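# Structural characterization, general
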Amino acid sequence: MKTIKGEELKSRELEVLEDGTLRLIKEKPTRYIPQAGETYYFISVYGTILFATNENLISDSWLINHYPVFRTCEDCEEYKKFFELLDEYKCNLNWGNENDEEKYYLRYDKSTDCLDISHNLICQTQGTFYFKSIEDVNEFITKAGENKIKRYMFDVWE
């Protein structure tokens, strides 16, 4: 049997089972915010994965507040692969002619915790990635995975 110190359980949730034993509730994934002195990984403007130590500098605050940063290089690599896949499927569309083509995009419905495919002809929304066809959207969802789309496109980490 392993002995666990109280300090190890700080800010962790436990549940009491019917037999009285305690079980650690698995941590829900959350966006990583490095504390002072912790190393974090991020993608540079050149697409390379870099790391830094949070020294509470202005540059650390800027990166942490405005860009996704990750606990491990592997997590950052997963994020990079997600956006490389998105680059394969997203497209730039003609917004000049409203009768030209449907513009498909993903939405997240918080009330149902589901991704939804929507479309429009003339309403361009900032920060939205558009797809040429509903087939492209569905293929992207299949390859990327709904949980990664929720995390990386909609900042939903549950």
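Summarised in this report is the structure supplied together with it. (Residues numbered from 1 in each chain as written. Predicted model: local features only at pLDDT ≥ 70, side-chain atom pairs only at ≥ 80, totals over all residues. Heavy atoms only, no water.)

Below, the discussion takes up the overall build of the chain. Along the backbone of the chain there are four helices and seven strands. In the chain, the order of α-helices and β-strands from amino to carboxyl end is β-β-β-β-α-α-β-β-β-α-α. A buried classification covers 25% of the 158 residues belonging to the chain. Nonlocal contacts in the chain, meaning residues at least 24 apart in sequence, comprise 51% of its contacts between residues at least 6 apart. Accessible area for the chain stands at about 11600 Å²; split by element, carbon and sulfur atoms hold 49% of it. (Helix = DSSP H or I, 4+ residues; strand = E, 2+ residues; numbered from the N terminus. Buried < 20%, exposed > 50% of the residue type's maximum accessible area, 1.4 Å probe, protein only. Contact = heavy atoms within 4.5 Å. Areas by Shrake-Rupley, 256 points an atom, 1.4 Å probe, with all protein chains shown as cover.)

The subject of this paragraph is the pairing of strand S5 (residues 103–109). As defined by bridge partners, S5 adjoins strand S6 (residues 114–120) across seven bridges and the pair is classed as antiparallel. Counterpart to Lys-103 in the pairing with S6 is Asn-120. Counted along the chain from S5 to the antiparallel partner S6, the turn is four residues long, and its residue Asp-113 has a positive phi close to 55°. Pairing analysis gives two bridges linking S5 to strand S7 (residues 130–131), with the strands arranged antiparallel. Its bridge partner lying in S7, Tyr-104 is registered against Phe-131. (Pairing = 2+ DSSP bridges.)

With that out of the way, let us pick up a negative patch on the surface. Negative charge collects at one region of the surface, where Glu-74, Asp-75, Glu-77, Glu-84 and Glu-88 lie side by side. Among the residues examined, Asp-75 registers a relative accessible area of 34% and is labelled partly exposed. (Patch = residues over 30% accessible without salt bridge, like charges linked within 9 Å, V, L, I, M, F, W, Y side chains within 5 Å. Salt bridge = Lys/Arg side-chain N within 4 Å of Asp/Glu carboxyl O. Lys, Arg positive; Asp, Glu negative; His and termini not counted. Charge placed at Lys NZ, Arg CZ, Asp CG, Glu CD.)

Moving on, we come to the nonpolar core. Formed by 19 residues in total, the largest nonpolar core has its most connected members in Phe-82, Leu-106, Phe-131, Phe-140 and Ile-149. Those elements giving two or more residues to this core turn out to be helix H2 (73–89), S5, helix H3 (134–144) and helix H4 (146–154). Of the residues forming this core, the biggest block, six residues, is contributed by H2. In this structure, Tyr-32, Tyr-40, Ala-52 and Val-69 belong to the second largest nonpolar core, which totals seven residues. (Core = buried A, V, L, I, M, F, W, Y, C linked by side-chain atoms within 4.5 Å.)

Let us look at the pattern of salt bridges. Pairs can form between side chains of opposite charge whenever their charged atoms are close. Taken as a whole, this structure holds five salt bridges when the rule is applied. Arg-107 is the salt-bridge partner of Asp-116, the closest N and O atoms lying 2.5 Å from each other. Under the relative-accessibility criterion, Asp-116 is labelled partly exposed at 30%. Exposure remark for Arg-107: the relative accessible area of 40% places this residue in the partly exposed category.

A few words now on the environment of Asp-100. Inspection of the secondary structure puts Asp-100 in the loop between H2 and S5. On the basis of relative accessibility, which here comes to 37%, the residue Asp-100 falls in the partly exposed class. In the structure, Asp-100 is positioned 21 residues away from Leu-121 in sequence and 7.7 Å away in space, judged by C-alpha atoms.

Along helix H1 (residues 58–66), the residues classified as buried are Asp-60, Leu-63 and Ile-64. One face of H1 carries all of its buried residues, which in axial projection span an arc of 95°. In this structure, H1 carries Ile-58, Trp-62 and Asn-65 as exposed residues pointing more than 90 degrees from its buried face. Elements in contact with the buried residues of H1: strand S3 (39–43) and strand S4 (49–53). (Arc of directions from axis to C-beta.)

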